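Spelled out from the first residue to the last, the chains are:
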Amino acid sequence: MLVLKSFLSLFFLFFSSSYALYGYAVVRCQFTSTRDLVYLEQFYFNKVLLGQYNSTLGKYVGYSKKAKEIADDLNKSLRILAQAKKNEEKCRNNIEPLLNLTNPVEPSVRVRQVEIRDSNQNTFSCSGYGFYPKQINLTWLRDGRKVTDGVTYSDVLSSGNWLYQIHSYLEFTNIPGEKIACQVEHASLKEPKNYYWEPMGEAKWNKIAVGTSGLLVGLVVFLAGLIMTLCRSSTNGRVLVSTVSTD
Ligand SMILES: *[C@@H]1O[C@H](CO)[C@@H](O)[C@H](O)[C@H]1NC(C)=O
């Protein structure tokens, strides 16, 4: 029985085969934007995955009789398992530097009035969508002055596609004519950017909504017409064929 003391000997086993076969090993450091990490060592022979180390399982697994034996031996060696753990750590330490190479993505920001109560007590929301990286600062401004009273924040939420979103709320008694802005600081912006609340902004969104539903109704009517036309012409075709056959 082969006793494999290190990866080198494992590589040796694969590549020094006397058959003219093709073996290779891949080491993978897989991670997601939420820092979930899998460290993999995969051993292929003639493109078939023979066995692998998967950090989630924390051990070697073989997929053939021989590979199972080798995996069992590897799992008995504390040194080899410790080495795999060390490699996993190395992989984890490289996540941040790698992520820093990724270009920032600017948030798309929307400022809305979410609740209108009596006595002018209002709630505004400022939402930043689709930005990267995660670090972001939202600040509320009343006529250019920073506000902290009545301000709440959501966590920075992952949208699951490496992008993030955040929501901030401002609750206050507003004075008519006062300019409300949400200031955004983010790696994608050279300087802080102000997004003003526009009372007309709401109307604009309503117009877009009405326009879009109008378009959809038009599309449905068009498709219905198209289907009816197609059905009719195929029926005509059948009538024509039966006439020819009776002749
Ligand atoms: C690693 O193991 C985990 C847990 O069993 C599994 O979900 C994942 O798919 C494995 N990865 C690969 C590439 O086999």
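The sections below set out a description of the structure shown in this document. Since we're looking at a predicted model, the values are computed, not measured. (Residues numbered from 1 in each chain as written. Predicted model: local features only at pLDDT ≥ 70, side-chain atom pairs only at ≥ 80, totals over all residues. Heavy atoms only, no water.)

## As for the site of the ligand
- Within the structure, the ligand sits among Leu 40, Gln 52, Asn 54, Thr 56 and Leu 57.
- Contacts to the ligand include Gln 52, whose side-chain N or O atom sits 3.1 Å from an oxygen atom.
- Computed on the free molecule, the ligand has an accessible area of 360 Å², of which 47% lies beneath the protein chains in the complex.
- Looking at the shell around the ligand residue by residue, the class counts come to two nonpolar, three polar and no charged. (Near = heavy atom within 4 Å. Polar contact = N/O pair within 3.5 Å; in protein donor to acceptor, adjacent residues only side chain to side chain. Areas by Shrake-Rupley, 256 points an atom, 1.4 Å probe, with all protein chains shown as cover. Nonpolar A, V, L, I, M, F, W, Y, C, P; charged D, E, K, R; others polar.)

## Details of the pattern of salt bridges
- Per the stated rule, a full pass over the model turns up eight salt bridges.
- With a shortest N-O distance of 3.6 Å, Glu 89 and Arg 92 are connected by a salt bridge. Of this pair, Glu 89 and Arg 92 both sit in helix H3 (residues 78-93), three residues apart, which is roughly one turn of the helix.
- Taking the relative accessible area as the measure of exposure, Glu 89 reaches 39% and is therefore partly exposed.
- A residue is classified by how much of its surface remains accessible, and Arg 92, at 35% relative accessible area, is partly exposed.
- Residues joined in a network through salt bridges with shared partners are Lys 85, Glu 88, Glu 89 and Arg 92. (Salt bridge = Lys/Arg side-chain N within 4 Å of Asp/Glu carboxyl O. Helix = DSSP H or I, 4+ residues; strand = E, 2+ residues; numbered from the N terminus. Buried < 20%, exposed > 50% of the residue type's maximum accessible area, 1.4 Å probe, protein only.)

## Digging into the sheet that holds strand S8 (residues 145-147)
- With respect to topology, four strands assemble into an open sheet ordered S8-S7-S12-S13, the strand pairing being antiparallel. The two strands at the open ends of the sheet, each matched to only one other strand, are S8 and strand S13 (193-196). For this sheet the average axis-to-axis angle between neighbouring strands, irrespective of direction, equals 40 degrees.
- Note that strand S12 (residues 180-186) and S13 share four bridges and pair antiparallel. When the sheet's bridge partners are listed, Val 184 is paired in S13 with Lys 193. (Pairing = 2+ DSSP bridges. Axes fitted to C-alpha atoms, helices over the stretch in contact; angles between N-to-C directions.)

## Some thoughts on unusual backbone geometry
- Going from Tyr 132 to Pro 133, the amide bond is cis rather than trans, its omega being 0 degrees.
- Relative to the helices and strands, Pro 133 is located in the loop between strand S6 (121-131) and strand S7 (136-142).
- Notably, Lys 47 is not glycine yet its phi reads approximately 65 degrees, a positive angle.
- In this fold, Lys 47 is placed in the loop between strand S2 (37-45) and strand S3 (48-54).
- Among the residues examined, Lys 47 registers a relative accessible area of 69% and is labelled exposed.

## Some details on the sheet that holds S2
- Spatial ordering of the open sheet is given by S1-S2-S3-S4, a layout of four strands whose pairing is antiparallel. If you trace the sheet from one side to the other, it starts and ends with strand S1 (23-31) and strand S4 (59-62), each paired once. Averaged over all pairs of adjacent strands, the angle between strand axes in this sheet comes to 20 degrees, irrespective of strand direction.
- Here S2 pairs with S3 via six bridges, running antiparallel. Note on S3: the bridge partner recorded for Tyr 44 is Leu 49.
- In the packing of helix H2 (residues 65-76) onto the sheet, the strands contacted are S3 and S4, and the crossing angle to S4 comes to about 170 degrees. (Contact = heavy atoms within 4.5 Å.)

## What about the packing of aromatic side chains?
- By the definition in use, this model includes eight aromatic pairs.
- Residues Tyr 24 and Tyr 44 carry aromatic rings whose centres are separated by 5.0 Å and whose planes lie at 10 degrees to one another, so their mutual orientation is stacked. In this pair, Tyr 24 sits in strand S1 while Tyr 44 sits in strand S2, placing the two residues 20 residues apart along the sequence.
- Its relative accessible area of 28% is what places Tyr 24 among the partly exposed residues.
- Ring plane angle 35 degrees and centroid distance 6.4 Å describe the contact between Phe 131 and Tyr 164, whose orientation is recorded as tilted. Linking Phe 131 in strand S6 with Tyr 164 in strand S11 (residues 164-173), this pair joins segments that are 33 residues apart in sequence. One exposure class covers both Phe 131 and Tyr 164, and it is buried.
- A network of ring pairs unites the aromatic residues Tyr 22, Tyr 24 and Tyr 44 as a single cluster. (Phe/Tyr/Trp six-rings, centres within 6.5 Å; stacked < 30°, edge-to-face > 60°.)

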